[in-house]
Amino acid sequence: MTDTLLQPSVKKQLQSVVELSPQSILLHGRSGVGLCTTAKELALRMTSKSSIITIEPDEKGSIKIKTIRELYGQTRTKHSEKLIIILDDADTMLTPAQNALLKLLEEPPEHIVFILTAHTPQILLPTIMSRVQKLEILPISSKQTDKLLDSLGIKNDKKRLQIHFMAEGLPAEIIRLTESNEYFATRTDSIKTARAFIQGSTYKKLATSYQIGNDRDKAMSLLRDVAHIVEVSIKQKPSASLAGLLSNIVLAQEKLLADGNIRSQLLRLALS
């Protein structure tokens, strides 16, 4: 857990987690902050690499109940050291899978430690939330962001400014942006679309909403980028109108996370 990728306060909290060794841990934070990387580094401080199992969403973007049930046998097998089970993006589990996980969390064997990661922990069952030790992984500082960009060999001033705007404080996202020109171009286009949504006429906002249609992933991506631009604008020049817009964006995100109608939420935001 390097100084570059974690805030000092977060490092101290993670060290406390290692010392206390709770049986269920939830790491949560913004997309791009590096939850999975942090979970794996935390696990390596508690056991050996061979005793770490990482469960990730399938090709359809969720962790299925079948996958959780397959863990039952593995948790009942005796191990010479702690077995760490990482559930990356645990918030992609639907209710049946979450209920199956709950049974494992209620009576875990002593040698088992669960580490969950989630960018939207509010959609996890309250009963799961009550059984995990929660730790928010905060964004790194602007100075740490610059240090990371230096280590990645990013010297072009324009690109550094672009990365700062898109991903300041988010080490995992910064690494993705610097490792793939295609991903960088995609994210740049997404930011442009979000900015056009904010600044465009009502007609253009409605056109964008209809273009996205019922694609939940695209809608959530647009809302994240719009929210990011508004947050940056508020830091630079606070205003009641921007605060109101951000509130409407957050409401739309919550509605979509609760399986609300995609098009209606985007249309409501476009008309707000």
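Structure: above.
Residues numbered from 1 in each chain as written. Predicted model: local features only at pLDDT ≥ 70, side-chain atom pairs only at ≥ 80, totals over all residues. Heavy atoms only, no water.

This part takes up the overall build of the protein chain. Counting secondary structure elements, the protein chain contains 13 helices and five strands. Its C-alpha radius of gyration of 20 Å places the protein chain within 12% of the 19 Å reference for a compact globule of 272 residues. For the protein chain, the spread of C-alpha atoms along the three principal axes comes to 60 × 45 × 35 Å. Going through the 272 residues of the protein chain one by one, you find that 46% of them count as buried. Within the protein chain, contacts between residues at least 6 apart in sequence are counted, and of these 74% link residues at least 24 apart. About 14500 Å² of surface is accessible on the protein chain, with carbon and sulfur atoms providing 52% of the total. Of the charged side chains in the protein chain, 36 are positive and 29 negative; the average position of the first set lies 4 Å away from that of the second. (Helix = DSSP H or I, 4+ residues; strand = E, 2+ residues; numbered from the N terminus. Rg over C-alpha atoms; globule rule 2.2 N^0.38 Å. Buried < 20%, exposed > 50% of the residue type's maximum accessible area, 1.4 Å probe, protein only. Contact = heavy atoms within 4.5 Å. Areas by Shrake-Rupley, 256 points an atom, 1.4 Å probe, with all protein chains shown as cover. Lys, Arg positive; Asp, Glu negative; His and termini not counted. Charge placed at Lys NZ, Arg CZ, Asp CG, Glu CD.)

Time to look at the packing of aromatic side chains. Enumeration over the complete set of coordinates arrives at zero aromatic pairs. The ring of Phe184 has Lys159 sitting right over it, with the charged end atom 4.8 Å from the ring centre. (Phe/Tyr/Trp six-rings, centres within 6.5 Å; stacked < 30°, edge-to-face > 60°. Lys NZ or Arg CZ within 6 Å of the ring centre and 35° of its normal.)

Turning next to the environment of Leu170. Structurally, the position occupied by Leu170 is in the loop between α7 (157-167) and α8 (171-179). Judged by its relative accessible area of 4%, Leu170 falls in the buried class. In sequence terms Leu170 and Leu6 are 164 residues apart; their C-alpha atoms lie 9.7 Å from each other.

Once that is clear, we can look at helix α3 (residues 65-76). Listing the buried residues of α3 in full gives Ile68, Leu71 and Thr75. Taken end-on, α3 shows its buried residues confined to a sector of 45°, consistent with a single buried face. Across α3 from its buried face, at more than 90 degrees, point the exposed residues Lys66, Arg69 and Arg76. Among the structural elements, β2 (52-55), β3 (83-87), α4 (95-106) and β4 (112-118) are those in contact with the buried residues of α3. (Arc of directions from axis to C-beta.)

This part covers the pairing of strand β1 (residues 24-28). In terms of burial, β1 is a largely internal element, five of the five residues being buried. The alternating pattern of β1 places Ser24, Leu26 and His28 and Ile25 and Leu27 on opposite faces, both of which are buried. Of the strand pairs in this sheet, β1 and β4 are connected by five bridges, and their pairing is parallel. Its bridge partner being in β4, His28 is matched across the sheet by Ala118. As paired elements, β1 and strand β5 (residues 133-136) share four bridges and run parallel to each other. Note that in β5 the partner of His28 across the bridge is Glu136. (Pairing = 2+ DSSP bridges.)

Before going further, it helps to examine the nonpolar core. The biggest cluster of nonpolar side chains holds 51 residues, and the ones touching the most others in it are Leu27, Leu42, Ile84, Ile115 and Ile137. With eight residues, helix α11 (residues 216-236) is the largest single contributor of residues to this core. Residues contacting Ile137, with those up to four places away along its chain left out, are Leu6, Val10, Leu27, His28, Gly29, Val33, Leu35 and Thr38. In terms of nonpolar packing, the next biggest core, distinct from the first, is built from 26 residues, Ile55, Ala100, Leu101 and Leu125 among them. (Core = buried A, V, L, I, M, F, W, Y, C linked by side-chain atoms within 4.5 Å.)

Looking at the secondary structure, you find Ser233 in helix α11. With relative accessibility at 25%, the residue Ser233 sits in the partly exposed group. Through-space distance from the C-alpha of Ser233 to that of Leu256 is 24 Å; in sequence the pair is 23 residues apart.

Turning to the sheet that holds β2, a few remarks are in order. An order of β2-β3-β4-β1-β5 is seen for the five strands of this open sheet, with the pairing classed as parallel. Unpaired on one side and paired on the other, β2 and β5 mark the two borders of the sheet. Put simply, the sheet's adjacent strands are angled 20° from each other on average, direction ignored. Sheet strands in contact with helix α2 (residues 35-44) are β1, β2, β3 and β4, and its direction is about 165° off that of β4. On the sheet, α4 packs against β1, β3 and β4 and is oriented at approximately 140° with respect to β4. (Axes fitted to C-alpha atoms, helices over the stretch in contact; angles between N-to-C directions.)

Viewed as axis vectors pointing N to C, α3 and α4 meet at an angle of 15°, and their least axial separation amounts to 8 Å. Judged on the interaxial angle alone, α4 and α3 are roughly parallel. The crossing of α3 and α4 is left-handed. Across the interface between the two elements, Ile65, Ile68, Leu71, Tyr72, Thr75 and Arg76 of α3 pack against Pro96, Ala97, Ala100, Leu101, Lys103 and Leu104 of α4. Of the residues that constitute the contact of α3 with α4, the class distribution is nine nonpolar, one polar and two charged. (Parallel < 35°, antiparallel > 145°, perpendicular 65-115°, else oblique. Left-handed = near helix turned anticlockwise from the far one by under 90°. Nonpolar A, V, L, I, M, F, W, Y, C, P; charged D, E, K, R; others polar.)

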